[in-house]
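# Residue-level structure breakdown
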Protein chains: 2
Amino acid sequence: MGKQWVYGFGGGKTEGRADMRNLLGGKGANLAEMASLGLPVPPGFTITTEVCTHFYENGQTYPAELKAQVAQARTAMEKHLGMAFGDVKKPLLVSVRSGARASMPGMMDTVLNLGLNDDTVKGLAVASGDERFAWDSYRRFIQMYGDVVLEVPHHDFEDILERQKRDDGAEQDNDLSADSLKAVVAAYKALVEKELGRPFPMDPEEQLWGAIGAVFKSWMTPRAITYRRIHDIPEEWGTAVNVQAMVFGNMGDDCATGVAFTRDPSTGKNYFYGEYLINAQGEDVVAGIRTPRPLEDMERTMPDVFRQLCDVRVTLEKHYRDMQDIEFTVQRGKLYMLQTRTGKRTTAAALKIAVDMAQEKLIGEKEAVLRIDPQSLDQLLHPTLDPAAHKKIIAKGLPASPGAASGIAVFTADEAEDKAKGGVKVILCRRETSPEDIHGMHAAAGILTSRGGMTSHAAVVARGMGRPCVAGAGTLQIDAAEKTMRIGDHVIREGDTITIDGGTGEVMLGAVTTIEPTLSGDFATIMGWADAARRMKVRANAETPLDARAARAFGAEGIGLCRTEHRFFDPARIQHVREMIFATNSHARRDALAKLRPAQRGDFADLFKIMEGLPVTIRLLDPPLHEFLPQGEDDLKTFAAAAGIGVDQVKKRLIELHESNPMLGHRGCRLGITYPEIYEMQARAIFEAAAMVAVEPEIMIPLIATAKELQILKKLVDETAQAVFAETGRAVAYTTGTMIELPRAALMADDIATEAAFFSFGTNDLTQTTLGLSRDDSGAFMPDYVRQGIFARDPFATLDTEGVGQLMRIAAEKGRRARPGLKLGICGEHGGDPASVAFCETIGLDYVSCSPFRVPIARLAAAQATIQAGDLKSLKQQKREAA
Amino acid sequence: MGKQWVYGFGGGKTEGRADMRNLLGGKGANLAEMASLGLPVPPGFTITTEVCTHFYENGQTYPAELKAQVAQARTAMEKHLGMAFGDVKKPLLVSVRSGARASMPGMMDTVLNLGLNDDTVKGLAVASGDERFAWDSYRRFIQMYGDVVLEVPHHDFEDILERQKRDDGAEQDNDLSADSLKAVVAAYKALVEKELGRPFPMDPEEQLWGAIGAVFKSWMTPRAITYRRIHDIPEEWGTAVNVQAMVFGNMGDDCATGVAFTRDPSTGKNYFYGEYLINAQGEDVVAGIRTPRPLEDMERTMPDVFRQLCDVRVTLEKHYRDMQDIEFTVQRGKLYMLQTRTGKRTTAAALKIAVDMAQEKLIGEKEAVLRIDPQSLDQLLHPTLDPAAHKKIIAKGLPASPGAASGIAVFTADEAEDKAKGGVKVILCRRETSPEDIHGMHAAAGILTSRGGMTSHAAVVARGMGRPCVAGAGTLQIDAAEKTMRIGDHVIREGDTITIDGGTGEVMLGAVTTIEPTLSGDFATIMGWADAARRMKVRANAETPLDARAARAFGAEGIGLCRTEHRFFDPARIQHVREMIFATNSHARRDALAKLRPAQRGDFADLFKIMEGLPVTIRLLDPPLHEFLPQGEDDLKTFAAAAGIGVDQVKKRLIELHESNPMLGHRGCRLGITYPEIYEMQARAIFEAAAMVAVEPEIMIPLIATAKELQILKKLVDETAQAVFAETGRAVAYTTGTMIELPRAALMADDIATEAAFFSFGTNDLTQTTLGLSRDDSGAFMPDYVRQGIFARDPFATLDTEGVGQLMRIAAEKGRRARPGLKLGICGEHGGDPASVAFCETIGLDYVSCSPFRVPIARLAAAQATIQAGDLKSLKQQKREAA
């Protein structure tokens, strides 16, 4: 008997099911499922995806048994329909379509009306009572088959058709008479014979195998390969081929064709939303030549069919438990279902449908939570461009921080602040941003850079602030000195209005209308269900009161990362910071630090108040000191004068502090080791603030590579704590822990855990060091890397679970073995990426922390991860019990 | 009964042994061993190191049983000698000395002549028949005890003594009469009573416990702690205390004291080498007031004693099977042995002694191999400073590349080359060096930098070239523009002569005589035995014919790392390299590369010829492209003119190529992925050269993070190979492999091994990424790190086996599991470091590769590692069999 390569459907006997999608493809599986549900599906059969795999693994040949199995399935169709291939009276006509596991719209080939030839066309004319229809069908078939299977250039057919229309004075294809169409058919056949050196195949059997082969071959066309790469679809999945009896929506006014969604895909409303065309074929709806009618119209024009369709809607939703996107054809008053699949929808619709279906008891609350793509919540939290507006796109960069914004172009942070104070909306345009630009970024409505990637400074800060950002728009030449931005010959000057869309990366000339976001009750409902389901806590990375308030508004359950140095750039503080750096001894350093301490204490007290007892993790100074140094001649002179140091000395120190690879240089805990005064001041500020507000601070030491570093610095923190407690007369509970952001720290986690109450995975730096990849510099080759499939996704956006994740798993296991109660979290950018959050669940982290605007995404992603982990567990349980 | 805290020796019953060094300390264990051998050791006892540990773990208190055990041991001594503590007629006098597991010369306290008081001094005078001697001994005892135990300032005693000498008109201490010494004793006692408020202790028992406590306390003095930190001696080892009957070499002309080595420690000659002083105490030899006589003299002055001593020499060498460093005292014609220990020696002596002893069948050949410190071979391969020469040291840096050199200071590579062409020896002085300085470094006799560590560019290149180098001499301010170097107020100008010692890091003013190295036959003999013993192969990192020839001369068995880009800086090539970088499309890039190919082919052919069929691993282009770009305005203009490009365009490209962290940037295989033409050219040059010379090249792809990168580039290499084979009509066997230099590569080694025939651990970069530590920038904090014990040694010099080593082990295991025949090697700087080579043996690498001048070190270290691994194995075997 051999393997089953062919599965029939709709012909009395249906062998497939919806869950056989991997074998039958999406279309084939759902046709079989609908047939099993008793819905009116034209009979046919599916050739499995395994045939495709076999085809490519065996030099484009078929399994030996295939021919016989196809013949058998065809015979079954013929018997069921009382029609036959090549039968002059009752010719069986079929469509041959691809159908992969994942939808690849428009990527692969289709042949309709297969089975027509010089004889059967006459039979079709008689059977349909419409000679014009029959010859038009034949004409379409030769054109499609000639193009797809025989590879005769498409435009040669078009030329013949156009010539005929011109000769006839016809405007539309439909205006051609049966005789004209016969002439077209004759010309088409001559064209094929001339091109191929042999006549167009008249044998339906030969036609069928030609079409099957063409569909399989279309799996490997360049455009299909490209599409799969972009959408992460493995080549080895292959495509199935569906052969199905043709039904015609274009045989007269009792015929129609249409598409519908079982609910409104824009709003999610429980309303039967669709369009149809009377006397038309499916492709006419797509082509947009005639304007389709709204579906509710059908209640009047074809009441019986409409009633049937409404029943189908209910059946499908009950069965699939999700909104369906369906295609149907009405042939002579009879309804046929040609496709059903889960319908795409907007985020707002997705929320409404999930909530409604849960309330209709179609699905459970956990399933409702699983229905929402966490990433899509971004749409709800930021302004979006009016889809109807006209856009003049001039450049495209990376969609670095979501939301759309219009404003005038400015080229320095100071200008951004000045103009914004005057109430003008500005877009800050920089080659790249640095910590010195923070005030300008904050003042701007949006940020645009010509360099840097998804995790460049601009991108990270913009996401943290919730500002739209387009980063790395490489075709722009931004010149801050000239205050211009060039794209080819076009020059944008300061004051010119531009618009950016941080969700797509587009840069547009002029103002484009934006739509403000609104958060529906459905959003709150889903988030409530998500919060009830999730195991991991969600915190935010925040250091300003603004950020902290935003974090709480978005549901953060604490601060996972407060970067203490973030506010060193405040004009009132930077001078002291710089004096601290220029101090030549520990005494002078202490003096400068003493001036900074009240401000730091104030920062922490503000945060603690806002967080009202929720956990707050404070990271001690991390970046290399030279980040704080004066840049440029003016800044340098101002600083030197204020500090009473010679300009030459300042320059000398700048050279001394220069590093070849600052990422791997004198930063993080290394600063604490060499300048303990700095960490002591910060610890003191934390404890003094904590004594004022009820909080249990978590003090985090960055860039730990060895247990000894942590031991030394923990001792410093503990001694400082005791000193402050003695002074204030009030002891505060606190913990000390570390970032795990170096491979060595992960590998030595058992050692380090003996000193640390918690680990927070700093996956930005851990990715940089594990992959030896600089975030700031990877833009030069990352596109090539993604194009060639070396990285499926940018590892700074989505965790490299194989490499970086392996280290995290090692660290989590070793750390917990050495210290059972060890608290584990993540505070890198990945903490707000759904796929990365899912990984964090698998290694049992206690919380994820991300920028405030991503907190809802993380809450939902964490909930989904918990639910899926539970599902997996119960699946394993079932398997064990079954075994 | 309790634990045994006290071990007696020499008093009829000896309880210790030489292998009880951990318990009894070096001195105590060897005194016991000598006593057991029947050698004349004054009786005494050792209080174990465990008492020291107990002392510090229990608030400076002793174990309960100690008092009784000490009393018992003392009684045994008294019985044996017929003397007693405090006995006026026959007073027992003892010395109390520290004795730790590892020698800590001069670090801890000693008390001699203990047991003397106002009564026993009289007994000593009678017994010795020398009143002056007795009171001098008492005077010395009070001074020593007062200083060490009672903490009365040393100089107060000296003042009293000096005053007495002045009053007496005495020049030497010896000139003081017995009466004067009595007056000194009286004054000493008064001083003690004034300082302490109580008299000097007269009770010998009290004296004894005071001295024991002082020795234990001296374990924790700051200087002892510092010494231990520098020499990696753990605090928990503790010290033992040795209490031993005094013998006197200063009782008359039939008395003497001396030190000797059983062989000449400078040359290794089998000759009894030593010095002695008649009528003197041990400290007089050390003090150097009188000139000691050579030992052979004793044959004449004390023939009986000399004969005894010669017997002792033979006994000790036979017993210890190594050259011994001994101390002895002759009291009234009777020889007493006071110490024996393994003698320190020069490298030349170590070689000769090991070879001689093996030939004398005292030790086996493998043991001879284990006797040589591999690191010490450096002494033999490079010029060293004449130890007798006067040195004016002005600065100290890191001993970055061994050897000493004198020459005139020059400040640019071009000057170095110019001057050297004129036959002048130069020292190239730079703040730091870059690849552009290579020609100057090559021309220089030595290299001096003010920045950078042990693995900075200067250090690595200098070691590779065998040039002496002092790196990171931070107190020097080098100004290349001014052509000066300042240290404090001192200015060194171009043309001033300086000397550097790359073995110590010292920088000296003026010329210091150097001694040229000579390689003895003993060296060849030991290396032959080492080669016979070792399992791992030793290769060299080399790319020039000069390096390759040196490598072979030093016994390299192949090239483990040929850096293809090393010769891109040749004046004839750099223009093409830069044109390649400036090419705006693949076509122009190919044109520039085509011009480079013949030169590269020539490089490879030369190497292959020199290596005569030995394996050669060639690494494709690794450093970021900007390293090759013009630096400075002039260079830039010259290049622009020659290339026919505008200066502005060159500058623009320089900005484009700038990277924040070049170490983690667009380099290594990333260049091969984005510019496949480059790797294709290099592969082509390799295969074309291989077709001309018989060789099986190993092509190595650097900076691999994913298997996919290697897959893509291996395909490129294979296709290029096929193309060249077709053209030349000659196929060449070759393999393709990868560097493992990123944590991710180590973690994914199983995946990567499916594509790689070999792994070579690039531990320089692997250390940088695993520890997140830039070699070039770590100088700013590494001293603090080593001082605080965070790193025992610079991880760029000696492998961090815990962290980096863990990754190497993971990679080796995963790699071999996925591909059993996988060849494993190391080509980082660590390949020439003995401790790191030992680690490589434990994870089963096939070879180590290092710079040519370190090949002998690696050969010896590899042999020792194999032997020790074998010893460990047979030890385990024995334990298994015993169990």
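The rules behind the values
- Residues numbered from 1 in each chain as written.
- Chains lettered and ligands numbered in written order.
- Predicted model: local features only at pLDDT ≥ 70, side-chain atom pairs only at ≥ 80, totals over all residues.
- Heavy atoms only, no water.
- Helix = DSSP H or I, 4+ residues; strand = E, 2+ residues; numbered from the N terminus.
- Buried < 20%, exposed > 50% of the residue type's maximum accessible area, 1.4 Å probe, protein only.
- Areas by Shrake-Rupley, 256 points an atom, 1.4 Å probe, with all protein chains shown as cover.
- Lys, Arg positive; Asp, Glu negative; His and termini not counted.
- Charge placed at Lys NZ, Arg CZ, Asp CG, Glu CD.
- Phe/Tyr/Trp six-rings, centres within 6.5 Å; stacked < 30°, edge-to-face > 60°.
- Pairing = 2+ DSSP bridges.
- Salt bridge = Lys/Arg side-chain N within 4 Å of Asp/Glu carboxyl O.
- Contact = heavy atoms within 4.5 Å.
- Axes fitted to C-alpha atoms, helices over the stretch in contact; angles between N-to-C directions.
- Buried area = accessible area lost by both parts, 1.4 Å probe.
- Core = buried A, V, L, I, M, F, W, Y, C linked by side-chain atoms within 4.5 Å.
- Least-squares fit on C-alpha atoms with pLDDT ≥ 70 in both.
- Arc of directions from axis to C-beta.
- Left-handed = near helix turned anticlockwise from the far one by under 90°.
- Nonpolar A, V, L, I, M, F, W, Y, C, P; charged D, E, K, R; others polar.
- Polar contact = N/O pair within 3.5 Å; in protein donor to acceptor, adjacent residues only side chain to side chain.

We now examine the overall build of chain A. Check the secondary structure of chain A and you find 34 helices and 31 strands. For chain A, the spread of C-alpha atoms along the three principal axes comes to 105 × 70 × 55 Å. Classification of the 883 residues of chain A by burial places 57% in the buried group. Accessible area for chain A stands at about 34900 Å²; split by element, carbon and sulfur atoms hold 51% of it. Positive and negative side-chain charges of chain A, numbering 103 and 118 respectively, have mean locations separated by a distance of 4 Å.

Another point: the packing of aromatic side chains. Throughout the structure, instances matching the rule amount to 42 aromatic pairs over all chains. With centroids separated by 5.0 Å and ring planes inclined at 40°, the aromatic side chains of Phe582 of chain A and Phe639 of chain A adopt a geometry described as tilted. Placement of the pair is Phe582 of chain A in helix α21 (residues 571–582) and Phe639 of chain A in helix α23 (residues 633–643), with a sequence separation of 57 residues. In this structure Phe582 of chain A comes out as buried when scored by relative accessible area, which is 10%. Seen from their ring centres, Phe781 of chain B and Tyr785 of chain B are 5.7 Å apart, and the 65° between their planes marks the pair as edge-to-face. According to the relative accessible area criterion, Phe781 of chain B is buried, its value standing at 0%. Classification of Tyr785 of chain B as buried rests on a relative accessible area of 1%.

The next point concerns the pairing of strand β10 (residues 334–342) of chain A. Residues and elements named next belong to chain A. For strand β9 (residues 324–331) and β10, the ladder comprises 8 bridges, and the chain directions are antiparallel. Paired with Asp325 across the bridge in β10 is Arg341. The turn joining β9 and β10, which pair antiparallel and follow one another in sequence, is formed by 2 residues; a positive phi near 50° is taken by Arg332.

Turning next to the pattern of salt bridges. Using the criterion set out here, one finds 124 salt bridges over all chains in the structure. Glu680 of chain A serves as the salt-bridge partner of Arg590 of chain A, at 3.2 Å between the closest nitrogen and oxygen. With a gap of 90 residues between them, Arg590 of chain A in helix α22 (residues 586–611) and Glu680 of chain A in helix α26 (residues 676–692) connect regions that are remote in the sequence. With a closest N to O distance of 2.6 Å, Glu688 of chain B and Arg601 of chain B form a salt bridge. Taken together, the residues Glu688 of chain B in helix α26 (residues 676–692) and Arg601 of chain B in helix α22 (residues 586–611) connect sequence positions 87 residues apart.

The subject of this paragraph is the sheet that holds β10 of chain A. Strands in a sheet are paired, the pairing made by backbone hydrogen bonds, and the direction either parallel or antiparallel. All names here are of chain A. Taken in spatial order, the 5 strands of this open sheet run β8-β7-β6-β9-β10, and their pairing is antiparallel. Edge strands, defined here as strands with exactly one partner in the open sheet, are β8 (293–294) and β10. Inspection of the sheet shows strand β6 (residues 256–261) paired to β9 by 6 bridges, in the antiparallel sense. Note on β9: the bridge partner recorded for Ala256 is Val330. On the sheet, helix α12 (residues 303–320) packs against β9 and β10 and is oriented at approximately 30° with respect to β10.

Of the residues lining the interface, 53 residues belong to chain B; the matching set on chain A comes to 53 residues. A buried area of about 4400 Å², summed over both sides, lies between chain B and chain A, and 55% of it is on carbon and sulfur atoms. Contact with chain A buries area across many residues of chain B, yet Asn661, Leu664 and Arg744 of chain B alone supply 14% of it, more than any other trio. Where chain B packs against chain A, one counts 4 salt bridges. Its salt-bridge partner being Asp800 of chain A, residue Arg744 of chain B comes within 2.6 Å of it at the nearest N-O pair.

Further remarks concern the nonpolar core. Soluble globular proteins tend to pack their nonpolar side chains together in the buried interior. Membership of the largest hydrophobic core comes to 224 residues, with the highest contact counts inside it found for Phe608 and Met808 of chain A together with Phe608 and Met808 of chain B. When residues no more than four places from it in sequence are discounted, the contact partners of Met808 of chain B are Phe761, Thr763, Leu766, Leu799, Ile826, Phe839, Cys840, Ile843 and Leu845 of chain B.

At an RMSD of 0.2 Å, chain B and chain A line up after a rotation of 180° and a shift of 0.2 Å along the axis. One copy is carried onto the other by what is essentially a two-fold rotation axis.

On to helix α2 (residues 49–57) of chain A, then. Residue and element names in this part refer to chain A. Inspection of α2 places Thr49, Val51, Cys52 and Phe55 among the buried residues, and these make up the whole buried set. For α2, the angular spread of the buried residues around the axis is 155°, confining them to a single face. Those residues of α2 hidden inside the fold are in contact with α1 (21–36), β2 (44–47), α3 (66–81), α8 (204–218) and β5 (239–245). Following α2 by one or two positions, Gly59 has its phi on the positive side, about 55°.

Moving on, we come to the environment of His576 of chain B. Residue and element names in this part refer to chain B. Mapped onto the elements of the fold, His576 is located in helix α21 (residues 571–582). Owing to a relative accessible area of 21%, His576 belongs among the partly exposed residues under this scheme. Taking C-alpha positions, His576 is 6.5 Å from Leu596, a pair spaced 20 residues apart along the chain. For His576, the residues in contact, after removing those within four places along its chain, are Ala592, Lys595 and Leu596.

All right, on to the packing of helix α30 (residues 763–771) of chain A against helix α32 (residues 804–818) of chain A then. Residue and element names in this part refer to chain A. At their nearest, the axes of α30 and α32 sit 9 Å apart, and the two run at 115° to each other. Crossing angle aside, the handedness with which α30 passes α32 is right-handed. Seen from α30, the contacting residues are Thr763, Leu766, Thr767, Thr770 and Leu771; seen from α32, they are Val804, Leu807 and Met808. When the residues that make up the contact of α30 with α32 are grouped by side-chain class, the tally is 5 nonpolar, 3 polar and no charged.

Quick look at the sheet that holds strand β7 (residues 273–278) of chain B now. All names here are of chain B. A sheet is described by the order of its strands in space; here 5 strands give the open sequence β8-β7-β6-β9-β10, paired in antiparallel fashion. On the outer flanks of this sheet lie β8 (293–294) and β10 (334–342), each paired with one strand and no other. Pairing of β7 with β8 involves 2 bridges; the strand directions are antiparallel. Counterpart to Tyr276 in the pairing with β8 is Arg293.

Looking at the secondary structure, you find Thr674 of chain B in helix α25 (residues 669–674). When sequence neighbours within four positions are dropped, the list of residues in contact with Thr674 of chain B reads Phe781 and Asp784 of chain A together with His666 of chain B. A polar side-chain atom of Thr674 of chain B sits 2.8 Å from a polar atom in the side chain of His666 of chain B.

Moving on to unusual backbone geometry. With the exception of glycine, most residues fall at negative phi, and the peptide bonds are largely trans. Residue and element names in this part refer to chain A. The backbone of Gln60 sits at a positive phi, close to 55°, despite the residue not being glycine. Following the sequence through the fold, Gln60 ends up in the loop between α2 and α3. On the basis of relative accessible area, Gln60 is assigned to the partly exposed category, the value being 42%. Its identity as a non-glycine residue notwithstanding, Arg321 has a phi of 55°, on the positive side. Mapped onto the fold, Arg321 is located in the loop between α12 and β9. Looking at Arg321, the relative accessible area reads 30%, which means it is partly exposed.

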